[in-house]
Every structure is written in structure tokens, then in C-alpha cells.
Amino acid sequence: MTASDDGKPCSLTRFLIEEQRAGRIGPDLRLLIEVVARACKRISITVGKGALGGVLGDAGGAQGASINIQGEAQKKLDVLSNEILLEANAWGGHLAALASEEMDHSQPIPDVYPRGNYLLLFDPLDGSSNIDVNVSVGTIFSVLRSPEGVDRPGDEHFLQPGTAQVAAGYCVYGPQTTLVLTVGHGTHAFTLDREIGSFTLTTRGIRIPEETKEFAVNMSNQRFWEPPMQRYVGDLLAGKEGPRGKDFNMRWVASMVADVHRIMTRGGIFSYPLDSKCAPKGGKLRLMYEANPMAFLVEQAGGAASTGRQRMLEVQPTGLHQRVPVFLGSKREVEEAVRYHAEG
Ligand code: P6P
């Protein structure tokens, strides 16, 4: 655990007050992060009930599964988590509008409540296909400034590059519930102390090792990859006898939050590249509320994030649910993957 200057445990609240006192965040952003963290605690409890809470399985009813804009069957917990985040953020006056993986369009804060200066985007429960098999899942969020003079922001006002983010984070619901957060001054981890219901700072200033021997990719897509990706992974698999001169290990949880958290903890490279199946849609993972927040967190932790051909945070968005190819993690390894793509 990372204590405060007085040697006492540092709660998320205390951390945010100290960030505000240092002039790195304002009171509304502090409130926003506290509200999202509280919503994540509720999601953690709901997810943790599993079958006992009647929350497993697909959403929808007699009329069949409900399908979101992604064309994916929604899980009950996708819908519940989305509702928890919407309800928590409606009345505080810190947000102008919010957008979710589970909603076709963004939503301005209702007229009955005051509106603030921030836009919040989130994937309320990423990796939800893993819920029914009790594998770690998580919430991912990204915070942008609402454009000056816009009273009721619409989808177009969210289309800002990742460099415009003022905060980003994820909460992984695994053996521990851990919130990983950046406000642009490093990436920090807070573990939920369930006995007192408080997130406590456990790692201040995460540093991702620049080199790695571990890669994360869904190998079942190998035959659909572009040539540079075929060559890149082929050389990883060739190990010591191959051009990389070292053996690599592979992990794939199929829950981005869990895979990224492993990389935050011990390094590695995560990739969901273009393949001939997802290329028509631009990729598999979503830019605005998956790739960009993770890229901000990873870069702030000394790592790198790319589409394979461009720094992730510099992609100019063209749609709220836009998809992109993703390479992120240990800086040197991401640079290596980008080099293979540059060679064509
Ligand atoms: P695949 C989960 O559905 C997700 O969006 C990410 O969390 C995860 O990395 C990826 O999709 C898994 O995709 O094709 O391996 O099931």
C-alpha cells in the first residue's frame, strides 16, 4: 500500500483532494471521479452476486435477447451496469452529457438537473461475455471537456482525439476490485477495501516495463490477419531460434480490462489487430471508450499505444462507436509491432 506523507493509508478521496490542492484537477472533476468510483463499487457488488442475484445470462425477455448498437447480445449485467452509471452521474452538476457502449447515441444531462463542463464516456461492463464463466470483467471510462458555449452536447461534440482526455480509468472486478486512474499526471491503482467500502491507494505511479516476453492476442484469428501481423506474431512464436532471439509467453483472457491490468502489473503487449472479418468495421475494439482511455492510462504509465500505423491518442474520431485496431503495452514491444507494419 502507498501511504500518504503522514504515513496513513491514502484513500481515493484524499488522493483527489491532494491532486486538487496541487492544482492538477478542479472540484468538478474530483466530484466526477468520486461519483464514477462509487458507481463502480455498486457494479462490483452486483457482478459479485452472480447467479445468487439473478443477474447472469442475456438481457431481454420473451421477445428474445436485446441487441445493442454493436450488434452484440446484451447481458443483464451490461444493462444493469449502464443504468448504475447513468443514475449516479445524472444529478451532480459535473457533467454536460454522457455516452456509453450500450447506448446508440450520447445523452445530455436531463434539463431538470444542472449541467457541468465534462463529457463522460464508458463501457459499463467490458468483457461481459466472461461473466457467466466467472472470469474478471471491468468498467472503462474516459473524460473529455464539453465544448464552450454548447448547452446540450450531441454525439459530434464527443468526437475529440484521445489527447483531449482530462481523465481516464478502469475498474477491474477480479479477485480484487481495483480502480486504475489517470488525471494526466501518472497512472495510479486503488484497491477496494471491502470492509470499509473505500478505494485505497495501493500503487502510486505505475511503470510498465519497456521490454516484455509476453503477448496477448486471440490466436484463433491468425489466418485472417494482415501480412505484417502474420510476420510479427510468427517471429514471436519462433522464439529463441527466431529473429527475436528470445522465447515469448502468451496470455488471452478475452476481457480487455483483465489483459490490460496484467500489462499494468508486469508488462506485455496487448493486440486486437485488423483481420479480414472485422476490417470492414475498422477493427474490433471501440476507440472512444476502450482504446483511448486505455491508451491514456498506458502512456501515463510509460507504455505506448498505437493502431499499428498511428499513435492511438492522435486518431481523429469520426463516430461515437468507431472501431480501431489496437496495440498497447510495453513501449519497446509496441514500437517493434509498429515497425513490422511500417515495413508493409
Ligand atoms: P474475442 C470483450 O468482448 C472485448 O470487447 C474485449 O474486452 C476483449 O479484449 C475482446 O472483446 C475479446 O474479443 O474476439 O477474443 O472474443
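Everything below is about the structure shown above.
The structure displayed is predicted, hence computed values, not measured ones.

Visitor: I'm lost on the pairing of strand 17 (residues 326-329) in this one. Help?
Guide: The two faces of a sheet get side chains in turn, since along a regular strand they alternate between them. Residue alternation in strand 17 divides its side chains into two sets, V326 and L328 and F327 and G329, and both sets are buried. Examined bridge by bridge, strand 13 (residues 269-272) and strand 17 share four bridges and lie antiparallel to one another. The residue bridging F270 from the neighbouring strand is L328, located in strand 17. Here strand 15 (residues 304-306) runs beside strand 17; their pairing, made up of three bridges, is antiparallel. Residue pairing in the sheet places S306 in a bridge with F327 of strand 17.

Visitor: Just checking my understanding: could you explain the environment of L121 for this structure?
Guide: Mapped onto the elements of the fold, L121 is located in strand 5 (residues 118-126). By relative accessible area, which is 0% here, L121 ends up buried. Along the backbone, L121 and F141 are 20 residues apart, and their C-alpha atoms lie at a distance of 5.6 Å. Setting aside its immediate chain neighbours within four residues, L121 contacts A99, I140, F141, S142, L144, F158, M288, Y289 and L320.

Visitor: Whenever I open this one, the pattern of salt bridges confuses me. Can you help?
Guide: Oppositely charged side chains can form a pair if their charged atoms are brought close together. Applying the stated criterion across every chain yields a total of 21 salt bridges. Of the charged contacts, one joins E18 and R14 as a salt bridge, the two residues approaching to 2.9 Å between their closest N and O atoms. Taken together, the residues E18 and R14, both in helix 1 (residues 12-21) and four residues apart, mark about one turn of the helix. Under the relative-accessibility criterion, R14 is labelled partly exposed at 26%. R262 is paired through a salt bridge with E214; the nearest N and O atoms lie 3.5 Å apart. Remark: E214 occurs in strand 11 (residues 214-216) and R262 occurs in helix 6 (residues 256-266); sequence separation between them is 48 residues. Here the salt bridges do not stand alone but share partners, grouping D111, R115, D151 and R152 into one network.

So, how was this worked out
- Residues numbered from 1 in each chain as written.
- Predicted model: local features only at pLDDT ≥ 70, side-chain atom pairs only at ≥ 80, totals over all residues.
- Heavy atoms only, no water.
- Buried < 20%, exposed > 50% of the residue type's maximum accessible area, 1.4 Å probe, protein only.
- Helix = DSSP H or I, 4+ residues; strand = E, 2+ residues; numbered from the N terminus.
- Pairing = 2+ DSSP bridges.
- Contact = heavy atoms within 4.5 Å.
- Salt bridge = Lys/Arg side-chain N within 4 Å of Asp/Glu carboxyl O.

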